[in-house]
Each structure stands twice: as C-alpha cells, then as structure tokens.
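Secondary and tertiary structure notes
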Amino acid sequence: MATQTANRDMHEKGTSLWADAWVRLKKNKLAVFGLSVIIVLIIITLLTPLIAPYGYEQQNLELGATPPSWAHWFGTDVFGRDLLTRVMYGGRVSLAVGLIATTVALVIGVAWGATAGYVGGRTDAIMMRIVDALYALPFIIFIILLMVVFGRSLLLLFLAIGAVEWLTMARIVRGQVLSIRNQEYIEAARSMGLSTPHILSRHVVPNALGPIIVYATLTVPQVMLLEAFLSFLGLGIQPPQSSWGVLISQGAEVMEDSPWLLIFPGLALSITLFALNFLGDGLRDALDPKASKD
Amino acid sequence: MQGESNIDSGNRQQILHFGNGAELQGLDPHVVTGIAEHHVVQALFEGLVMKSAETLEVEPAAAESWSVSDDGKVYTFKIRKNARWSNGDALTAKDFEWSWWRALQPALGSQYVFMYFPIENAEAFFKQEITDFSKVGIKALDDYTLQVRLNNPTPYFMQLLDHYSMFPVHRATIEKWGKPHESYTRWTRPENIVTNGPFLLESWRLNKNLIVKRNSDYWGAERVRLNKIVYYPIESGVTEERMFRASQLHWTDEVAIERAPWYRENNPDAMRIKPYVGTYIYRINNKVDHLKDVRVRKALAMTVDRDTLMNTVLNNFFTPAYAITPPGLLGYQPPKTFSYDPDKARALLAEAGYPNGDGFPVTELQFNTNDQHRKIAIAIQQMWKKELNIDVRLQNKDWKVYLDDEATGNFEISRGGWIGDYVDPNTFMDMWITGSGINRTGWGNSRYDELVLKTAPEAKNREARYAAFFEAETLMMNDMPFIPIYTYSSHHFVHPSVKGMASNVMNYHNFRDVYLEPEESNRQEN
Amino acid sequence: MLRYIGLRLLQAIPVLFAVITATFFLIRQAPGGPFDAEKPVIPAVKRALEAKYNLDLPMWQQYLHYLGDLFKGDMGPSFKYPGWAVHDLILSGLPATAELALYALLVALLIGVAAGVSAALKPNTARDYVPMSLAMLGICMPTFLLGPLLVLIFGFWLQWLPISGWGDLPGDKILPSLTLGAAYAAYVARLTRGGMLEVMSQDYIRTARAKGLPERVVIVKHALRGGLIPVVAFLGPAFAGLLAGSFVVETIFQIPGLGRFYVQAAFNRDYTMILGTTIFLSTLIIVFNLISDLLATWMNPKLRNQLSTKAGGNT
C-alpha cells in the first residue's frame, strides 16, 4: 500500500519524475560511464570529417589489405582504404540508425501496446491481431516494394526498420500493461476522472518502463545489423559509404584471412552496446517508481 | 574430424563428392536451365553426340556415326544399336524424332528451344505458323537412322547437339505421368524416371544431395569408372570452402576470391583457375543524354585500369578484356581497338564538352547484389573519379529488380556478363543485333547486323566467317556500347585424387572419364 | 479458458485471410517476375509459361483461382522448382528446421533463464556483470559471424565437431543449434534479469520471504512466474522468428531446411512459394503468439481471473 501511495504522489508532481530520475541516475557510476561513452562516440562521429586520418573512399589498390600499423591503426581493407577512417564514418550511419530507428520502434510499439493492453476487449483483440498479421508479411518483398514506391533514401531506411521492430515491442508492452492495468493506483486515477491518454502516459507507461528500456537497448544492436541486411537489399547506404553492420558482415567473410577487418568494427559495435546497456540498466533503476521509496 | 571423411570413403569406393552450386529446378532435359542442372542431366541422359572434355570436339554418343551432305544442310545420324533406356527399351531414331517434337511444343515452355532453330521449319513449327511436323527437318528414316535438314549450313550445329535441350526423353514414361507438353510431371522422380546416360538416378533429397550411380547397362559402361556421384547444392562459396577443407568435397563449384591468397601460399595445387567463355562487361545505356556521345563511352572504357584491378582486388582470377569475344575461341582472335589510356580519355571527355569532368552529371552504376560485383564497382568508381574527375554513384539491387531495370532501360551503367552457349564466336555476336532482347544498351548498327546475320552465316569457309565477325566486332568496339572488363574464368577447389576432369573453356566435364585415384598411388607416381 | 482459445482461433481466420490477400497483391507489385532471367526467355515461351501458371489472367481471377485451390488444400507448384508442389517443398524442409528451432529454443531458455536469474539475484555484482556481459556479446554476435567462428574453433582447431551437415555425423546438430540459440539466449537473459528485478521488489515476494520460505522456493514458485512474463511475450514471435531466421544457419551448415526456401522464394519472385511459406509462417505466428499469451496469463494470477470476465464480456 505504501508503494502505491508513493507512486501516486510522485506522478502527481508530473515532471519531477524525470528530475528525480536524473538525480538517481547521476549516482549510478556505471550508468554515468555508459552515458559518457555514448556522448564521446557521438562527438567523435560528428567530428569525423574533421579528424579522420584519411578519406573514407580513398583507395590504394596496390597496398591492399594490411594488418594494423603506425600509418593505419586499424589496418586497411582490400582496396587499401584506412579502416579507422571507415569505422569512424560507419559509426555515423550506425549510431544514427540505431538511435533513430529504435526511437521510432519505441514510440510506435509503446503507444500501440499500451493502448491495446489498457483499453482491452475488442480493441485489444483487433490491435494485436494486426500485429500478428504484420509479423507474417514477407519482409523482403515489403522492403523491395518500399524502394520501388519511395526510392532509396536514408529516411526510408529508418522508417522501414522502425516499422518492423515495433511489433515485438508492442507485444512486450501490452503484456506488461495487462499486468498493471488493474492495480489500485490505476483504478484510483481512473476514478479521479483522468483521461485515458493521461493515465497511459503518466501512470501506465512509467510503471512498465523496466522491460521497455531493456528491450529498447536490445533493439539497438538488432537495428544496426538489420541495416546491413537492408543495404544488402539495396536500401540504405551504398558503397563506398559504410556502416558498422556492413563492415562486420564483410569482415566475417574474411575472418580467417584479414581478422582485423572484423575485430575493429566488432569492437566499436560492442563498446556502444555495453555503454547503452549500462545506461539502460541505470535508467531502468532510476525510473523505477518503486525505487523512490527505498 | 570424426570417422572416415567423404574423401577417404569416396576414393575407396569411387564415389565423387561434387559441389554443385544450386538446388536443381528439375531433371527434365527439355525444361530445365542452368549449370547445376546441366551437371546432373548430362550424367543421366545422353544426346546424339558428346564432347571430349580435352578438346571440346564432338565424339559419337547415342549416334555411332554421321554424315553431312555436300551443301552442309543435311545431317544423317546412325543410332547405336546397343544404346538402351534404363528400363531395357532400345533407344531408336524414333525416340529422337518424338523427343524433338516434344521440345518444340510451345506449351512445354522449353527455354532453350532456340537451339533447334537452325533446323528447317523448327522455328515456324514452334511458333505454330505450321502445324505439320513432317515439314520440320527432323525425320527417323528407320529405327536407327535420323535425318536432320537445316535452313543454312550451320558450322556449330554439331556443338548444339550436345546441349541437354536436345537430349532424348522416354516417351512411354512421360506419357504415363502426363501429357507430352506438360512440364514437371512426376516422371522425373527417382522412382519413375527412365534415362539413357552413363549414370542412373539413385536418390534426390532436396537441399541435401542428389546421388547418381553407375549404369552397368550403358553401351559404353566399361569406360565409366565412377560408381557414384553425390551432388551437393551448396550456394555459399564460403561454406563450400570449409567443406572442402574438412575433406567432405572432391570438387567445389567455385572458389571464394578472398581465400585465394591463403591457398596460393599453403595449398596451391588445390585451386584450379582456367579461362572460361564468358565476358564481364558494363552495359552503357546509349539513350541517356550524356552517354550518347561515343567519346564519353570511350573515355570511360579507357580509364578502367584492368591490369591493376586483376592484380589486386580480383587476385588474378581473370584476364583483362577489350572486346566481347574471349580470345582464342576455336581460333578466333578478337580485335583490340583501345587500351588503358587516361590521357587520351581526358582529351576525349574534354572534346565531348566535359573538360576535367566539369559539368558531367552524376551517373549511376547499378549491379546486382554480390560481393564481387560490389568490389569491382568500388574500384572502378575511384578510377573514374581519379582520372576523369567524374562522380559515379553505386547502387546495388536485388537480382530481379536489377533485371527489370536493365530490361526496361531504367539504368545508366549496368554490370553485365555473358557466358557463351556453345563454342563459337556467334554466341557472343548475335546478342548485339539491333533490338535483341539481350542487347539492352539501345545501341544498334545495320552494318553490324548484316555482317552477323548474313555475311558470316553465308561465308564459304571459316576464314571468311571469322573475318566477318572480326569486322563486326571492330565496328562495335569503335562505338563502345558497353565496356568490356575481363574474360571469365572457371575456378574450383579440386582434391588431388580427382582424375580425368579435364579443363576447357566451356568448363565442361565428361563424367564418363572421371575417376578417383587415392593419394598413396599418387605419391608412387610422383 | 477454452472459450478464449476458441475465440482467438476464430480471430485467426480474418488475420490469415488478410495476410494471404495482402501478400498476394503485394508480391505482384515487386519488379521482376519469376521467369525473368539474364538471358531473356523468348516471348513465345514466356507466353506459354504464363498461360501454364494462369499468370495471363486478370489479377482478380488469379486471386480467386488461388483461393479456390487453397481451399482444396493445393498451394500450387513452385515457380522456381516447378517439379515440386509448394507443400512438398515445405514438408521436405520442415523436419530439419523445426528440430533446429526447437534445439535453439532449448539452448536459449536453458542458458538465458539461468544467466538472467543468477544475475537478478545478485544485481550489480560479478554474478550479474559476467553473465550479462556475455549476453551482450551474444547479442552483438550475429549468426553469420558466430556460426563460422564456432566452426573454426570446434571444427577446425579443436576438431571436436563436424563442420556441416544435419544428422549425417554424430554431433553435427550441436554447432547449428548453439549458433541459432545464442542470440536468443542473450535476449532471454536480459529480459529475465529485467523481469526478475521487477518482481523481486514486489510485495508478494516480500511477503513470501517474510513467511520464512526458503529462497529457492520463493524464486521458483513465486518470482519466476512473474519475472518471466516479458520473456514469454518475447518467445511467441521469437519462435516464429527462429524458423524464419534459420536461413543463415542452414546456409552455413548446409542443413536441408525450410529457411532457405522462405528467403529465396522472395528473391526468386516465386509467387506460390512466397504465399505458401507466408501462410505457413503466419499460422505458426498466430499459434505461438496464442500459446505465449496463454502462458503469460497463466503466469500472472491477476490476469487469470480477468480472462474469464473479459472473454465473457465481449462475446
């Protein structure tokens, strides 16, 4: 009972939810570390055109694929292009795709899942059956059609990825909301005559944030790798541009011959994901309404 | 690895483990297309003639001998009396007559039906302009004599006879499982199929393997040494290489180019790279404004540094090409009308109105999604940027989108390739006829058409014929409707125990001559 | 409960119908057709082929033909492998793929739940960080990378396990199952940890603990039920995804499965095969999502009571 009272108090203060969370987040060293790493990565990618040692398309065919050296810290690829430069430029694409597409998936998935779960009944049934149907549509054909109709742009890439990734998010959120919709604090909010969108955004979603954040951080790598597959289909970036996903999938082909081409982009992706997860766990703890009482 | 490897057990029992690329569409010789299908169909069936893998010259097969009339238009084949179907029926000239009638049924949808078109009235019959098959130049004079009349003397006609679309099929079996013109009935299932080749179909497990075994009733059975061939449909070259390394395959369908340096250093004998009758090109859309100018097309062609491309990115798998026909195709040598010459290219581009590339529109280069096409495009994009200062945008497309865009002219520059259907320059020449479905560049030249369609076929001898081709090809390359890049090669990993797999420009294998000789005896020989 | 299941199965009919209809018309909009090839088919042959497969009819007639055949249980012949009916091909690939997906799911659940629970019990200690870091690596490691890596280590360096095949050599199912299962194990671990942490702070767990129940009982009987709800919600689509995602693993290990048909059908514009595999897959998705929803309900006592009233209230 004490928990719910605390919740209600906190939510009624509105924005203080985020302010409180920020205070708690700052106390979590790992989360701060994760956040710093991500900020540093974003800064590096923003500055890449200024600080990259070479041009990303600059070739030296005679040089070919060489292991790391003083001239090329991460080595070079089969065209003699500097891998460090390419990882830096690839990060621009991958971070943008990872963050934007995940946000798209997050927004659609949370809104859809929370509404279905909260409203329930026939609305829920229809909304979730739509999700079932969308899961089943042949994805490759869907992407090819998107390109035919809208051309090939980076924006479309974000939308296409967001459009597929929100489905599982919606199912997870709905499951979570179903389990909290009849809790006393929600009933209380309803009896106070608050509107459904208000209850959803202020009371339901914050209480389901744990799994949402965890799944969102899981979505980021998925999205980055999906981007490589879409580039393979012809949507998204085209050579000589690259992304971490593309570099990794190409590196995997030559892992026995030129392992550095796999290791460095792989490291870049892993570091980002670790940082995101530290941050995600920290956020989860910080936003946990129950935690405020402890 | 645990247990006995495929190689060890295969060598002991004369079982060849063969990487075959893709899963088969089917086994009906008149309907299937594709190289993987070819490998299996030619083990199961046999045409009038076969080719020597050594020389690519035709040898007697179902026909033990033949004669050609003086005007070169009438061929008379003597069918071998001891040739049999796998159910014991005799193979007769009537089988050929019926089979070829079947292949010409439009409803059957045989995609290689054009192989029959040199035969008198075959095309008209196929197009249903005539319905009386007796007017078509295919006639069984008796059970063992087949007469074929042609429209024109066709020097490469004997080469066509070895193509699977001209193999005989067993009438009673086909009629038992459906109508003659119905493709893909159950007649080709292992339990139903009746064949006439050196091997019999034993089993076919989709996406796993297809096994054929020696046909002891085959007329030339004593020549056949393999007991079985196991065909594996492995689409990934990387997977294939791993299976080869783990001694699971004797032969792979291809070599992943990236692995070449390692093999060259550690196991050079395992890799077999040979010239192949195919040419890798960049089609140019001659209808696009800035590519209409022949000087622009030449400038592009002259700034592709083929030698460097071959030596670096392509690991010396291929040889540079400067024309459409591969060199040395039955003695024909293509013209070389240009060479790598950036200075001249810049001058040409300036003459065309783009000095130093100024004002040259961003041009799209499309290719179907494939690692090798991607690499070549990346390298060439930079060569053009560096030498001509022009911007080319790369765009990979899914195979069918790529084909659709190319066929409808929705492209600027497009990667292309052509593999010869038979050993004759004609297979590379007649595709560039004005408006041909394979041309797709918008280029056309009436003199070229005349040389290829009239002068060459009517030529009295090989020299005159080749002279016509040479003139036509020179004319075309001076117009540069496409950019030739390299001549294909066939490349395989081959286990040293595999013998009799001769190399030739068609990458044609005659499994009748293949056998396995385990390592021990190899060592004694050496 | 039965009523709810019945209702959901009834709902499946319009879903399937919508999927079939949308897929049927969508795939025809994609550029290129099943008979397009580098060497173009001569027009007369193309016409013959199109007539053979009814492709020359107006689209709506083709659609009605298809639905009619489908109703009779006939999915038609594949365009790419015309010697085989679509259901032949699906049935030929199903056993291997289903088995692979099942093993992968077992791998995912065993490793994932164990790691997730272990981490949630001692949050922010080594017991948390180590399994969770491994899980992160698992997520970073796509199957196209993990597969060849495992082959390299266990197949070539250590020579413990076969590098390809399915049911041909002893142990050849281990590496593919691990490869496919690993990414899912990582998800399950992360979701389990999150769900468990959520549950462990709830009142009923405190109550159970206060009653002096042994920790093991608290976890297995009480916490796991609630803690695994997100995992269960994830598993429904994941199992269907396992089937579709087995393509890469099937290619790496040369497994005669369904995934290859599913992916290649789209690239080949093999209309009937795309429809057949899509119908098959959507049925699976509907069934597994239903199972996953039922499990989630069963695991959540509050929902269990709601369910009877909800289902009753809406019919």
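For the rest of this paragraph, the subject is the overall build of chain C. When helices and strands are tallied, chain C shows 13 helices and zero strands. Counting only C-alpha atoms, chain C reaches 80 × 60 × 30 Å along its principal axes. The buried share of chain C, reckoned over its 315 residues, is 58%. When contacts within chain C are restricted to residue pairs at least 6 apart in sequence, long-range pairs at least 24 apart make up 73% of them.

Residues and elements named next belong to chain B. With respect to topology, four strands assemble into an open sheet ordered β4-β5-β7-β6, the strand pairing being antiparallel. The open sheet has two edge strands, β4 (63-68) and β6 (138-142), and neither has a second partner. Neighbour-to-neighbour, the strand axes of this sheet turn through a mean angle of 20 degrees, independent of strand direction. As paired strands, β6 and strand β7 (residues 145-149) are joined by four bridges and run antiparallel to one another. In the strand pairing of β7, Ala 140 is matched with Leu 146. Against the sheet, helix α3 (residues 93-103) makes contact with β5 (74-79), β6 and β7, and its axis sits at roughly 160 degrees relative to β6, the strand it touches most.

At the interface, 21 residues of chain A touch 23 residues of chain B. Across the chain A to chain B interface the summed buried area is about 2100 Å²; carbon plus sulfur atoms make up 55%. At the junction of chain A with chain B, the criterion picks out three salt bridges. Salt-bridge contacts for Arg 259 of chain B lead to Glu 256 of chain A; the nearest nitrogen and oxygen are separated by 3.6 Å. Sorting the residues of the side of chain A that touches chain B by element identifies α10 (209-233) and α11 (244-253) of chain A as the ones contributing at least two each.

On to the sheet that holds strand β9 (residues 209-214) of chain B, then. All names here are of chain B. Across the sheet, which stays open at both edges, the four strands sit in the order β1-β10-β9-β8 with mixed pairing between neighbours. Either end of the sheet is taken by a strand with one partner, and the two such strands are β1 (15-19) and β8 (199-205). Each adjacent strand pair in this sheet contributes to an overall mean axis angle of 20 degrees, direction not counted. With five bridges joining them, β1 and strand β10 (residues 228-232) adopt parallel strand pairing. Each bridged residue has a counterpart across the sheet, and for His 17 the counterpart in β10 is Val 230. Sheet strands touched by helix α2 (residues 35-44): β1, β8, β9 and β10. Its angle to β8, the strand with the most contacts, is close to 140 degrees.

With that out of the way, let us pick up the interface of chain C and chain A. With 56 residues of chain C at the contact, the number on the chain A side is 55 residues. Both faces considered, chain C and chain A share a buried interface measuring about 5100 Å² in area, 65% of it formed by carbon and sulfur atoms. Between the two partners, chain C and chain A, sit three salt bridges. For the salt bridge of Arg 190 of chain C with Asp 281 of chain A, the shortest nitrogen-to-oxygen distance reads 2.8 Å. Run the count over chain C and chain A and you get nine residue pairs in polar contact (both at pLDDT 80 or more). Elements supplying a minimum of two residues to the side of chain C that touches chain A: α1 (2-29), α5 (126-140), α6 (143-157), α7 (174-200), α10 (229-253), α11 (259-268), α12 (271-299) and α13 (301-314) of chain C.

Residue and element names in this part refer to chain A. Packing of helix α8 (residues 184-191) against helix α9 (residues 196-207) brings their axes to within 11 Å, and their N-to-C directions diverge by 180 degrees. Taken together, the axes of α8 and α9 are roughly antiparallel relative to one another. Together, Tyr 185, Ile 186, Ala 189 and Arg 190 of α8 and Ile 199, His 203, Val 204 and Asn 207 of α9 make up the contact between the two elements. Residues that form the contact of α8 with α9 fall into these classes: five nonpolar, two polar and one charged.

Enumeration over the complete set of coordinates arrives at 50 salt bridges over all chains. The closest approach of N and O atoms between Asp 513 of chain B and Arg 223 of chain B, which form a salt bridge, is 2.7 Å. Within this pair, whereas Asp 513 of chain B is found in the loop between β17 (498-499) and β18 (515-516), its partner Arg 223 of chain B is found in the loop between β9 and β10, the two being separated by 290 residues in sequence. Close ionic contact of Lys 375 of chain B with Asp 371 of chain B constitutes a salt bridge, the shortest N to O distance being 3.4 Å. In this pair, Lys 375 of chain B and Asp 371 of chain B are both assigned in helix α12 (residues 371-388), four residues apart and thus about one turn of the helix distant. Given a relative accessible area of 11%, Lys 375 of chain B falls into the buried group. Three or more residues joined by partner-sharing salt bridges are found here, namely Glu 256 and Asp 257 of chain A together with Glu 241, Arg 245 and Arg 259 of chain B.

The subject of this paragraph is the packing of aromatic side chains. All names here are of chain B. According to the stated counting rule, one finds 54 aromatic pairs over all chains in the structure shown. Ring geometry for Trp 262 against Tyr 263: centres 4.9 Å apart, planes inclined by 75 degrees, an arrangement best described as edge-to-face. In textbook terms, an aromatic cluster arises when at least three aromatic residues are bridged by ring pairs, as seen for Tyr 280, Tyr 282, Phe 317, Phe 318, Trp 384, Tyr 486 and Tyr 488. The side chain of Arg 80 reaches across the aromatic face of Trp 219, ending 3.5 Å from its centre. Against the face of Tyr 144 rests Lys 81, its NZ or CZ located 5.2 Å from the ring centre.

This part takes up unusual backbone geometry. That bond from Pro 239 of chain A to Pro 240 of chain A is cis: its omega, 5 degrees, falls within 30 degrees of zero. Here Pro 240 of chain A lies in the loop between α10 and α11. Despite not being glycine, Asn 207 of chain B has its phi angle at roughly 60 degrees, a positive value. Topologically, Asn 207 of chain B is positioned in the loop between β8 and β9. Looking at Asn 207 of chain B, the relative accessible area reads 3%, which means it is buried. For Asn 316 of chain B, which is not a glycine, the phi torsion comes out positive at approximately 60 degrees. Along the chain, Asn 316 of chain B falls in the loop between α10 (306-311) and β12 (319-320). Residue Asn 316 of chain B is classed as partly exposed on the basis of its relative accessible area, which comes to 43%.

Take α10 of chain C next. Residues and elements named next belong to chain C. For α10, with 25 residues, the first-to-last C-alpha span of 33 Å sits near the 36 Å given by 1.5 Å per residue. Along its length, α10 shows its largest kink, about 40 degrees, at Ser 246. Among the 25 residues in α10, 20 count as buried, and that is most of the element. Gln 254, located one to two residues past α10, shows a positive phi value of around 55 degrees.

The next subject is the packing of helix α5 (residues 121-136) of chain A against α12 of chain C. Where α5 of chain A contacts α12 of chain C, the two axes come as close as 9 Å, and the packing angle between them is 140 degrees. The angle between the axes of α5 of chain A and α12 of chain C places the two elements in the oblique class. Here α5 of chain A and α12 of chain C pass one another in a crossing that is right-handed. Listed contacts from α12 of chain C to Arg 129, Asp 132, Tyr 135 and Ala 136 of chain A of α5 of chain A are Thr 278, Ser 282, Ile 285, Ile 286, Asn 289 and Asp 293 of chain C.

Here we take up the side chain of Thr 325 of chain B. All names here are of chain B. Structurally, Thr 325 can be placed in the loop between β12 and α11 (342-351). The exposure class of Thr 325 is buried, given its relative accessible area of 3%. Apart from residues lying up to four places away in sequence, Thr 325 is in contact with Tyr 332, Pro 334, Pro 425, Phe 428, Met 429 and Glu 473.

All names here are of chain B. Within the secondary structure, Arg 465 sits in helix α16 (residues 462-479). Note on Arg 465: relative accessible area 6%, which makes it buried. Filtering out sequence-adjacent residues up to four positions away, Arg 465 remains in contact with Pro 155, Tyr 156, Asp 424, Asn 426, Ala 456 and Ala 459.

The next subject is the pairing of strand β16 (residues 482-493) of chain B. Residue and element names in this part refer to chain B. For β16, a buried count of 12 out of 12 residues is recorded, marking the element as mostly surrounded by other parts of the structure. Sheet analysis places strand β11 (residues 271-284) next to β16, joined by 10 bridges and oriented antiparallel. Paired with Tyr 282 across the two strands is Ile 483, which belongs to β16. With two bridges connecting them, β12 and β16 associate as antiparallel partners. Bridge pairing links Thr 319 to Thr 487 in β16.

Time to look at the pairing of β11 of chain B. Residues and elements named next belong to chain B. Summarising burial for β11: 10 of the 14 residues are buried, a large majority. Note that β11 and strand β15 (residues 413-419) share seven bridges and pair antiparallel. Its bridge partner being in β15, Arg 283 is matched across the sheet by Ser 414.

So, on to the confidence of the model for chain C. Residue and element names in this part refer to chain C. Per-residue pLDDT for chain C averages 85, and the proportion of residues at 70 or more is 95%. Predicted confidence for residues 307-315 stays below pLDDT 50, and this span has 11 contacts to residues more than four positions away or in other chains. Here the complex is predicted with pTM 0.89, and the ipTM for its interfaces comes to 0.86.

Rules and cut-offs
Residues numbered from 1 in each chain as written. Chains lettered and ligands numbered in written order. Predicted model: local features only at pLDDT ≥ 70, side-chain atom pairs only at ≥ 80, totals over all residues. Heavy atoms only, no water. Helix = DSSP H or I, 4+ residues; strand = E, 2+ residues; numbered from the N terminus. Buried < 20%, exposed > 50% of the residue type's maximum accessible area, 1.4 Å probe, protein only. Contact = heavy atoms within 4.5 Å. Pairing = 2+ DSSP bridges. Axes fitted to C-alpha atoms, helices over the stretch in contact; angles between N-to-C directions. Buried area = accessible area lost by both parts, 1.4 Å probe. Salt bridge = Lys/Arg side-chain N within 4 Å of Asp/Glu carboxyl O. Polar contact = N/O pair within 3.5 Å; in protein donor to acceptor, adjacent residues only side chain to side chain. Parallel < 35°, antiparallel > 145°, perpendicular 65-115°, else oblique. Nonpolar A, V, L, I, M, F, W, Y, C, P; charged D, E, K, R; others polar. Phe/Tyr/Trp six-rings, centres within 6.5 Å; stacked < 30°, edge-to-face > 60°. Lys NZ or Arg CZ within 6 Å of the ring centre and 35° of its normal. Expected span 1.5 Å × (residues − 1). Bend = angle between axes of the 7 residues up to and from the residue. Left-handed = near helix turned anticlockwise from the far one by under 90°. pLDDT = per-residue confidence, 0-100.

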